[in-house]
Amino acid sequence: QVQLVESGGGLAQPGGSLRLSCTASGSLFKLFAVGWHRQAPGKQRELVAALSNYGGTINYSDSVKGRFTISRDNAKSTAYLQMNNLEPNDTAIYYCNSGRWQEVLNGDDSTFWGQGTQVTVSS
């Protein structure tokens, strides 16, 4: 069992930056892929970025490529999402999940999920 806790959300201006953290309990985190997903009001949840267990494989959605960076520190059981050049369309609740690679990409309910953190981009 892995419990995930997101932090780092808040209010940012367009063009600004935020860094989200996803901290996992236990020692299994390093074995699993990790992903960040977001859900804006009235929209379906979508994958933002995903990173394999030891960081060898990365996937970004087209909408965040070049602006967001996913990373992880397995020694700290923590994953990060560095978000730069934020846009109003990035406003959403951001969730991290962890599990097998394809299941993380798909956002399967079988993966472990955090409770989410709100990101609001507005002037």
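Quick note: structure is the one above.
Residues numbered from 1 in each chain as written. Predicted model: local features only at pLDDT ≥ 70, side-chain atom pairs only at ≥ 80, totals over all residues. Heavy atoms only, no water.

J.: When you look at the overall build of the protein chain in this model, what are you seeing that I'm missing?
T.: A count of helices and strands for the protein chain gives one helix and eleven strands. Taken from N to C terminus, the helices and strands of the protein chain fall in the order β-β-β-β-β-β-β-β-β-α-β-β. The C-alpha radius of gyration of the protein chain comes to 13 Å, within 12% of the 14 Å expected for a compact globule of 123 residues. Its C-alpha atoms give the protein chain principal-axis dimensions of about 40 × 30 × 25 Å. Buried residues in the protein chain amount to 43% of all 123 residues. When contacts within the protein chain are restricted to residue pairs at least 6 apart in sequence, those whose partners lie at least 24 apart make up 58%. Split by element, the accessible area of the protein chain, about 6200 Å² in all, is 46% carbon and sulfur. Put simply, the protein chain has 10 plus and 9 minus side-chain charges, and the middle of one group is 5 Å from the middle of the other. (Helix = DSSP H or I, 4+ residues; strand = E, 2+ residues; numbered from the N terminus. Rg over C-alpha atoms; globule rule 2.2 N^0.38 Å. Buried < 20%, exposed > 50% of the residue type's maximum accessible area, 1.4 Å probe, protein only. Contact = heavy atoms within 4.5 Å. Areas by Shrake-Rupley, 256 points an atom, 1.4 Å probe, with all protein chains shown as cover. Lys, Arg positive; Asp, Glu negative; His and termini not counted. Charge placed at Lys NZ, Arg CZ, Asp CG, Glu CD.)

J.: Looking at this model, I keep getting lost on the environment of S17. Mind explaining?
T.: Assignment of secondary structure puts S17 in the loop between β2 (10-12) and β3 (18-24). S17 sits in the partly exposed class, given a relative accessible area of 41%. Residues S17 and R67, 50 residues apart in the sequence, show an inter-C-alpha distance of 9.5 Å. Each residue touching S17, except ones within four places of it in the same chain, is listed here: Q82, M83, N84, N85 and L86. In this structure the side chain of S17 is engaged in a polar contact, spanning 2.9 Å, whose partner is the side chain of N84. (Polar contact = N/O pair within 3.5 Å; in protein donor to acceptor, adjacent residues only side chain to side chain.)

J.: Could you clarify how one ought to interpret the pairing of β3 in this entry?
T.: Side chains on a regular strand alternate between the two faces of the sheet. The element β3 is largely enclosed, with a buried count of five among its seven residues. In this sheet, strand β8 (residues 78-83) lies alongside β3 in antiparallel orientation, the contact comprising six bridges. Residue R19 lies in a different strand from β8, and its bridge partner there is Q82. (Pairing = 2+ DSSP bridges.)

J.: Explanation requested: the state of the cysteines in the structure shown.
T.: Two cysteines, two sulfur atoms, one covalent bond between them: this is a disulfide. Enumeration over the complete set of coordinates arrives at one disulfide. Between C22 and C96 runs a disulfide, and the two sulfur atoms are separated by 2.0 Å. What sets the handedness of the C22 and C96 disulfide is the S-S torsion sign, and at about 65° it is right-handed. One end of the pair, C22, is in strand β3; the other, C96, is in strand β9 (residues 92-99), with 74 residues separating them in the sequence. The residues C22 and C96 share a single accessibility class, namely buried. (Disulfide = S-S within 2.5 Å.)

J.: I keep staring at the side chain of R38 and nothing clicks. Help me out?
T.: Along the chain, R38 falls in strand β4 (residues 33-39). On the basis of relative accessibility, which here comes to 5%, the residue R38 falls in the buried class. A distance of 2.9 Å separates a polar atom in the side chain of R38 from a polar atom in the side chain of D90. R38 has contacts with Q44, R45, E46, V48, S63, V64, F68, N89, D90, A92, I93 and Y94, leaving out every residue within four places of it along the chain.

J.: Mind showing me how you'd approach the nonpolar core here?
T.: For soluble globular proteins, the rule of thumb is that nonpolar side chains tend to be buried together. W36, V48, F68, L81, M83 and Y94 are the most contacted members of the largest nonpolar core, which totals 26 residues. Looking at this core, the element that brings in the most residues is β3, giving four residues. Setting aside chain neighbours within four positions, we find L81 in contact with L18, R19, L20, W36, V48, A49, F68, T69, I70 and Y94. Counting residues in hydrophobic clusters, the runner-up holds five residues, among them A33, L47, V104 and L105. (Core = buried A, V, L, I, M, F, W, Y, C linked by side-chain atoms within 4.5 Å.)

J.: Is there a simple way to think about the environment of Q3 in this case?
T.: Counting through the fold element by element, Q3 comes out in the segment before β1 (4-7). Separated by 65 residues in the primary sequence, Q3 and F68 have C-alpha atoms spaced 24 Å apart. For Q3, the contacting residues outside a window of four places in its chain are T23, A24 and S25.

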